[in-house]
Amino acid sequence: MSAIFYHDEEQKRLAEESLKAAQATCKKPITTLILPVGQFYDAEDYHQKYILQKHDWLVASLRLSRGKQLVTSHAAARLNGYVGGYGNKESFEAEKDALGLSDEASEYVLEQIAERQYG
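Residues numbered from 1 in each chain as written. Predicted model: local features only at pLDDT ≥ 70, side-chain atom pairs only at ≥ 80, totals over all residues. Heavy atoms only, no water.

Enquirer: Lay out helix 7 (residues 103-118) with the relevant residues and their values.
Expert: If you check helix 7, its first and last C-alpha atoms are 22 Å apart, about what 16 residues at 1.5 Å a residue would give, namely 22 Å. All buried positions along helix 7 are accounted for by Ala105, Ser106, Val109, Leu110, Gln112 and Ile113. Taken end-on, helix 7 shows its buried residues confined to a sector of 160°, consistent with a single buried face. Exposed residues pointing more than 90 degrees away from the buried face of helix 7 are listed as Asp103, Glu104 and Tyr118. In this fold, the buried residues of helix 7 make contact with helix 3 (56-62), helix 5 (74-83) and helix 6 (89-95). (Helix = DSSP H or I, 4+ residues; strand = E, 2+ residues; numbered from the N terminus. Expected span 1.5 Å × (residues − 1). Buried < 20%, exposed > 50% of the residue type's maximum accessible area, 1.4 Å probe, protein only. Arc of directions from axis to C-beta. Contact = heavy atoms within 4.5 Å.)

Enquirer: Explain the pattern of salt bridges residue by residue, including any values.
Expert: Oppositely charged side chains can pair when the atoms bearing their charge come close. Within this structure, the stated rule accounts for 5 salt bridges. Put simply, Glu10 and Arg13 hold a salt bridge, and the shortest N to O gap is 2.7 Å. In this pair, Glu10 and Arg13 both sit in helix 1 (residues 9-23), 3 residues apart, roughly one turn of the helix. Across the salt bridge formed by Glu95 and Arg78, the nearest N and O atoms sit 2.7 Å from each other. Taken together, the positions of Glu95 in helix 6 and Arg78 in helix 5 put the pair 17 residues apart, joining distant regions of the chain. Where salt bridges share partners, they join Glu10, Arg13 and Glu17 into one cluster. (Salt bridge = Lys/Arg side-chain N within 4 Å of Asp/Glu carboxyl O.)

Enquirer: So what's going on with the packing of aromatic side chains? Residues and values would help.
Expert: One pass over the structure, following the stated rule, counts 2 aromatic pairs. Between Tyr82 and Phe92 the ring centres are 5.3 Å apart and the planes differ by 75°, which places this aromatic pair in the edge-to-face class. Note that Tyr82 is positioned in helix 5 and Phe92 in helix 6, a separation of 10 residues in sequence. When sorted by exposure, Tyr82 lands in the same class as Phe92, which is buried. (Phe/Tyr/Trp six-rings, centres within 6.5 Å; stacked < 30°, edge-to-face > 60°.)

Enquirer: Give me the lowdown on the packing of helix 5 against helix 7, citing residues and values where you can.
Expert: Two numbers describe how helix 5 lies on helix 7: the axes approach to 8 Å, and their chain directions differ by 35°. Of the residues in helix 7, those touching helix 5 at Leu79, Tyr82 and Val83 are Val109, Gln112, Ile113 and Arg116. Here the contact of helix 5 with helix 7 is composed, by residue class, of 5 nonpolar, 1 polar and 1 charged. (Axes fitted to C-alpha atoms, helices over the stretch in contact; angles between N-to-C directions. Nonpolar A, V, L, I, M, F, W, Y, C, P; charged D, E, K, R; others polar.)

Enquirer: Report on the environment of Gln48, specifying residues and quantitative values.
Expert: The residue Gln48 is located in the loop between strand 2 (33-36) and helix 2 (50-53) in this model. Once the C-alpha coordinates of Gln48 and Ala77 are considered, the two residues, 29 residues apart in sequence, prove to be 9.3 Å apart. Apart from the residues within four sequence positions on either side, Gln48 is in contact with Asp42, Ala43, Gln53, Leu70 and Val71.

Enquirer: Could you give an account of the pairing of strand 1 (residues 3-6), naming the residues involved and the relevant values?
Expert: With 4 bridges connecting them, strand 1 and strand 2 associate as parallel partners. For Ala3, the partnering residue across the bridge sits in strand 2 and is Leu33. (Pairing = 2+ DSSP bridges.)

Enquirer: Kindly report on unusual backbone geometry, identifying the contributing residues and their values.
Expert: Backbone geometry places Lys49, a non-glycine residue, at a positive phi of 50°. Mapped onto the fold, Lys49 is located in the loop between strand 2 and helix 2. Looking at Lys49, the relative accessible area reads 13%, which means it is buried. Despite not being glycine, Arg63 shows a phi value in the positive range, around 60°. Locating Arg63 in the fold gives a position in the loop between helix 3 and helix 4 (68-72). On the basis of relative accessible area, Arg63 is assigned to the exposed category, the value being 72%.

Functional significance is not addressed by these values, which are geometric in nature.
Dropping the structure here:
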């Protein structure tokens, strides 16, 4: 099951429009539900930045511990995407200085991006 959760009528309208546009390009029905947001619970620590946590060395280089530090870290969120195959070398290069990484950590992330991109 997939779902899009909305906070207000504008978000609902945009979700419905997006779903309708996507459906026009698909032969099979899209079964994504559009629902009002309810109470939200954070996932357990081991689910937070799950892909990044598979790279122990990189997490250690950030000096972050599981829990609130990892959940709220902008750098951890961005790196989780990059090591997970989302983003490219150019995007990473443009923001790597702002992420506060060492040269060694930056090279590691670039290697991960290349592995995901080129297999």
